[in-house]
Amino acid sequence: MLLTLLACAPQKIATERVEPTFVYVTVLTEDLGSAESPLAFTTDVVPLRVRVETLDVDGDPYPFTGDLSVKVRPGILEQEKWISLSEGVFEGDIELRNGFGPTRLWFSDEGDKDSSTGRQPSFATGVTDPPLYYALPTLAEMNEIEDVESNQLAGEFAEIRALDRDVRVSAVGVNGYWITDMADEPGSYNNLFVYTFSKPSDETLVGSRVTLLTGSNQEYLGSTQLSFPTYVIGDDELVTPPEPVLISASNCADLASLEGLESAIVRIEDVTVPAGFSGTDEDYLDYVDYGQWPIGDCFYVDNNVTIPDFVPTAGLEIPYVQGILNQVFDKWILLPRDPDDLSVAAGGPPASSGPRMPDPPGEFPHSHAPGEPCLP
Amino acid sequence: MGTWAEPRNSRPVNPGPARTRGWPVGAIAGPRTARYPRGFPSPGSLVRTIAAASALLALTACAQFIPTEKQVEVPALAGQDVRLTILHTSDIHSRLLPYQFDPSFTDNGLGLADGATDYGGISRMAAVIKRERAEAGRSLHLDSGDCFQGAIIFNEFQGEAEVRTLSATGLDAAVIANHEFDAGAHNLYAQMSSHAGYDLLAANYDFESSEEPWSNELERISLPSKLYELDGLRVGVIGLANLSSLNSISDEDNSMGITVIPAEQAIRQEAWILKAQGADLIVAVSHMGLDDDIEHARDIPELDLIIGGHHHVAIDPPLVVTNEETGKRIPVVHSGAFAKFVGRLDVVVRVSEDGGEILSHSYELFPISSSTVSQGDSEIEDILEEYVDVLDQTYRLDQVIGVATEKLTRYGSLGGDSMLGNFTAEAMRSYPGVETEIAVTNTLGIRSDIGANLEEGETWDITLDDLFNSMPFDNTVTTMFLSGREVQELLDYVSERSSERGCNSQAQVSGIRFTMNCRDKLAEEIFINGVPLNLDGTYELATNNYIAHGGSGFSMLERNTTQFDTGISIRDVVRAAITDQYYLPDPDNNVAVEDGRIQPVF
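Every value quoted in this text rests on a predicted model; they were computed, and no experiment measured them. (Residues numbered from 1 in each chain as written. Chains lettered and ligands numbered in written order. Predicted model: local features only at pLDDT ≥ 70, side-chain atom pairs only at ≥ 80, totals over all residues. Heavy atoms only, no water.)

Details of the overall build of chain B
What chain B contains, in helices and strands, is 16 helices and 26 strands. Split into buried and exposed, the 602 residues of chain B put 64% on the buried side. If you take every contact in chain B between residues at least 6 apart in sequence, the share linking residues at least 24 apart comes to 77%. Total accessible area on chain B is roughly 20,900 Å²; 48% of this is exposed by carbon and sulfur atoms. (Helix = DSSP H or I, 4+ residues; strand = E, 2+ residues; numbered from the N terminus. Buried < 20%, exposed > 50% of the residue type's maximum accessible area, 1.4 Å probe, protein only. Contact = heavy atoms within 4.5 Å. Areas by Shrake-Rupley, 256 points an atom, 1.4 Å probe, with all protein chains shown as cover.)

Next comes the structure, spelled out in structure tokens:
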């Protein structure tokens, strides 16, 4: 009884109903794919034919004339974000690209495109059902894009196609690991850094297979990475990671072409630390601040964590250096994995030290906010 | 405003304090149950069923007979798509007033740009939240806890300003988090019962089993879960309170007056009750931390959304976790800390007779700074003005106590010792009357850099406000004697804990130098004031009373029987040290500089 009395306090339900109450969407395109047989991931523009109708509070057709906003989740809308309805109906094509997994279009009453009409929106929203069903992108499909500081899934929660690929751990760092899709050719955008904040799980070893990988897709200092990842390491046998890709130290004309090698293991041979590397030289000052030093005309090496005792000097000959190729804004920096990745000509300083693991890309030591995890 | 009085063993219906907003309505709650074995039905299921049925009957009766304000027809949603908007905040930590801050590159990537005059502030958050709710239909504002502790306004007013301003923001519900207890359980009750216009949720705390008097109080101000009815859409919200940071909560006879219910059991139990009441969606508002949130999304089929906090991470795009049993894709959202962001999650729900299914979601994170929010909310500013006036008169927060000639950082650049960490530990150890051989304090007791926006060549006047923002905790210096083996155990623990946090040292030290081996989770090459650690020796330690009581897992200190709490405030110790030194850092005398006393090895 008490419950009943207490529950019967006056209640404000709503003050006014704005129509339309519902948006009902019918997909007219036939081939939508399915979870079992998804459409191929594509960056091409795809039209999806839809019929959009507005309904009133009773679920009956409502003769709405005005605009609805459109968006695609996940993916990119390739047309204006507004459609116009007349007498409660729109029928036409909506263009989109870069959908992956179950992909739906949203149609929402958020007011008119011309806000000066002053029409009060109802925020009624409908989505396409069934969804378009696209395959997850491979690493290469996700990474390949003209804008070197972006990727095809920028701003999305990414899921990488791994189960039917051969995605392998190529290197392990103190707060993340690098992966390579071995099914693709070297240098074909098939590498990625996975940022785990702390040391990756014990089963994450060089050569182990990743069978599931999701994470928050972010560009960090110019390099693509997955943060806060969920991943599964398969029980497949370990394999040898790919051999380093040999690149030319003088390949400065088109640095953007190196994008395909971002996060891959590369090798540069027969280079010299520039003669002017000292004093007020800009590269030298950057080295003092951040730890990376120049080789050749346009590359850098950061041995700060993995070979901390090694100090480069002007004119020093380097028979070879290899490591993970990392983009930091407009610079390409090699991160040696261990002392064996750096060879120094006779007479130079020793390139050896304790076995310390590399920082992630873009991480001059701990430039990632150390975070404010559990509080005291 | 009255307290929330309801019969014991039953949950309130339309509980307690007068709400500042008429929305949402239809509060229905079942009994706060005791712990039952995992699985359903539990022994109390009949009671719950009756309670739920009673509540449903009550609602039905109300819908028919009770006059409502301009009641309009509630739509039948079955078979339709509807949109739900959730504004969410977390870990505000008393940053009600804007503050100086140096955004990291990660912050920049999330839209929090460098160069703003100041950052954060509850009036800016409120402006954004009210604007976004005006641009949404069905909406809720949920807060994932820890609105208390972190600035002087909490030290002075004990959370009153936080509760009042959040209420005026229109907050619907918040979860109880660890820092809500920082001024005591009774204080939480007092603040909530006097000032709250929102619901306080915690399904995994059982207050009934305790004899502590404040256990009853906590029960009165909280609910395990609540059903919100939003224009026909029924959203069940379950509170998941923090466990990991409340070391006293897991003691057998803990002083919190709380018995912990395993989270999975609590979620399934409350979800069952909410579903019985007709919930279309089940949302968890959580302060358990990201790892637990992911685990719950993956393992518990009843959940549809998780609004999380505790780890101070802002994640955009948010995580989507696939539930292993149902294949449902569960958005897990976190919006960071210190009033830097407000998150907006939109979901489209397909409603059926059996409940709702989230078909799609969309997310936006709003950065809070002078650059991004030009005008704060005037209602909130009026409330804050009362408190600011008192603070100004009482503390003269703008008084200068020293000068920073470069930014004083709380984290070491290499993950080891830090400028502020070394300075604090030195100050504790050498304070008159303390004067111990060594000092250890937890890194996270220092909450922000000082002189964050300091440009090269400039100086920064260190004010009392800076000190409170950096050291908000009212902790005191505690001394104790440790054997050499206990020192080894203490530093091993620091290494182990740090290894789980990116090898960033979780403690700062004085009189100690050691190698923090994160690979093997061991402390090596330990020197005490220049001499190798003698495992059979005895050392006097200065630390803070928080970790002395076992906080953050320092159980090897908690069991020490030689503890002596000096009662000396660590903030006062540091203030005196700053005033003495005045210009910081002083590299010539090794003051407030990183000197490598903690060497991390990865």
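Considerations on the overall build of chain A
When you go through chain A residue by residue, the secondary structure sums to three helices and 22 strands. For chain A, the residues scored as buried account for 55% of the 376 residues in total. When the accessible surface of chain A is split by element, carbon and sulfur atoms take 50% of a total near 15,300 Å².

A word on helix 3 (residues 282-290) of chain A
Of the residues flanking the start of helix 3 of chain A, the one acting as N-cap is A:Asp281, its side-chain oxygen 3.3 Å from the backbone nitrogen of A:Asp283. A:Gly291, located one to two residues past helix 3 of chain A, shows a positive phi value of around 100°. (Polar contact = N/O pair within 3.5 Å; in protein donor to acceptor, adjacent residues only side chain to side chain.)

Quick word on helix 9 (residues 290-299) of chain B
Every buried residue of helix 9 of chain B is accounted for by B:Leu290, B:Asp293, B:Ile294, B:His296 and B:Ala297. All buried residues of helix 9 of chain B lie within an arc of 165° about the axis, which places them on one face of the element. (Arc of directions from axis to C-beta.)

Regarding the nonpolar core
Residues and elements named next belong to chain B. Leu142, Leu188, Val237 and Ile462 are the most contacted members of the largest nonpolar core, which has 119 residues in total. Here this core spans two domains, and each of domain 1 (84-386) and domain 2 (398-601) adds at least three residues to it. Ignoring sequence-local partners within four residues, the contact set of Ile462 consists of Gln399, Val400, Ile401, Gly402, Val403, Ala404, Leu408, Ile450, Ile578 and Leu584. In terms of nonpolar packing, the next biggest core, distinct from the first, is built from 32 residues, Val494, Ile512, Ala523 and Phe554 among them. (Core = buried A, V, L, I, M, F, W, Y, C linked by side-chain atoms within 4.5 Å. Domains from an automatic or database assignment.)

Observations concerning the pattern of salt bridges
If you walk through the whole model with that rule in mind, you get 48 salt bridges over all chains. A salt bridge links A:Asp181 to A:Arg165, with the nearest nitrogen and oxygen atoms 2.8 Å apart. Of this pair, A:Asp181 sits in strand 12 (residues 176-181) while A:Arg165 sits in the loop between strand 10 (157-160) and strand 11 (167-173), and the two are 16 residues apart along the sequence. On the accessibility criterion, A:Asp181 (0% relative accessible area) is buried. Looking at A:Arg165, the relative accessible area reads 17%, which means it is buried. One connected set of salt bridges, linked through shared partners, spans A:Glu110, B:Arg83, B:Arg131, B:Glu132, B:Arg344 and B:Asp346. (Salt bridge = Lys/Arg side-chain N within 4 Å of Asp/Glu carboxyl O.)

Describing the environment of A:Ile307
As for its position among the elements, A:Ile307 is in the loop between strand 19 (299-302) and strand 20 (317-328). In this structure, the C-alpha to C-alpha distance between A:Ile307 and A:Pro339, residues 32 residues apart in sequence, is 5.9 Å.

Observations concerning the sheet that holds strand 12 (residues 329-334) of chain B
Residue and element names in this part refer to chain B. Strand order in the open sheet made by the six strands is 6-7-9-10-12-11, with mixed pairing throughout. Pairing within the sheet leaves two strands with one partner each, and these edge strands are strand 6 (225-230) and strand 11 (319-322). Put simply, the sheet's adjacent strands are angled 25° from each other on average, direction ignored. Across four bridges, strand 11 lies against strand 12 in antiparallel orientation. Residue Val321 lies in a different strand from strand 12, and its bridge partner there is Ile330. (Pairing = 2+ DSSP bridges. Axes fitted to C-alpha atoms, helices over the stretch in contact; angles between N-to-C directions.)

Brief notes about the sheet that holds strand 23 (residues 538-544) of chain B
Residues and elements named next belong to chain B. Read from one edge of the open sheet, five strands run 19-16-23-18-24, paired in mixed fashion. If you trace the sheet from one side to the other, it starts and ends with strand 19 (507-510) and strand 24 (564-569), each paired once. Shown here is a sheet whose adjacent strand axes are inclined to one another by a mean of 25°, direction ignored. Direction of pairing for strand 18 (residues 476-483) relative to strand 23: antiparallel, over a ladder of seven bridges.

Topic: the packing of aromatic side chains
In total, this model carries 18 aromatic pairs over all chains according to the counting rule given. Taking 5.6 Å as the distance between ring centres and 70° as the angle between the ring planes, the aromatic pair formed by A:Phe329 and B:Phe105 counts as edge-to-face. With A:Phe329 in the loop between strand 20 and strand 21 (331-335) and B:Phe105 in helix 2 (residues 105-109), this residue pair bridges two chains. Relative accessible area serves as the criterion here: at 40%, A:Phe329 is assigned to the partly exposed category. With a centroid separation of 5.2 Å and 40° between ring planes, the pair formed by B:Phe148 and B:Phe154 is classed as tilted. When its relative accessible area of 0% is taken as the criterion, B:Phe148 is described as buried. Taking the relative accessible area as the measure of exposure, B:Phe154 reaches 3% and is therefore buried. Taken together, the ring pairs in this structure connect A:Trp178, A:Phe193 and A:Tyr195 into an aromatic cluster. One Lys or Arg, A:Lys71, reaches over the ring of A:Trp106 and ends 4.7 Å from the middle of that ring. Note that B:Arg131 overlies the ring of B:Phe366, its terminal NZ or CZ placed 5.2 Å from the centroid. (Phe/Tyr/Trp six-rings, centres within 6.5 Å; stacked < 30°, edge-to-face > 60°. Lys NZ or Arg CZ within 6 Å of the ring centre and 35° of its normal.)

Digging into unusual backbone geometry
In this structure, the amide linkage connecting A:Glu19 to the following residue, A:Pro20, adopts the cis form with an omega of 5°. Its location among the elements puts A:Pro20 in the loop between helix 1 (2-7) and strand 1 (22-27). Cis rather than trans, the peptide bond between B:Leu584 and B:Pro585 has omega equal to 0°. Within the element layout of this structure, B:Pro585 appears in the loop between strand 25 (583-584) and strand 26 (598-601). Of note, B:Ala339 is a non-glycine position whose phi angle comes to about 60°, a positive value. Unlike most non-glycine residues, B:Lys521 shows phi in positive territory, near 60°.

Some points on a nonpolar patch on the surface
A cluster of nonpolar side chains, contributed by B:Val400, B:Tyr582 and B:Tyr583, occupies part of the molecular surface with about 270 Å² of accessible area. By relative accessible area, which is 48% here, B:Tyr583 ends up partly exposed. (Patch = residues over 30% accessible without salt bridge, like charges linked within 9 Å, V, L, I, M, F, W, Y side chains within 5 Å.)

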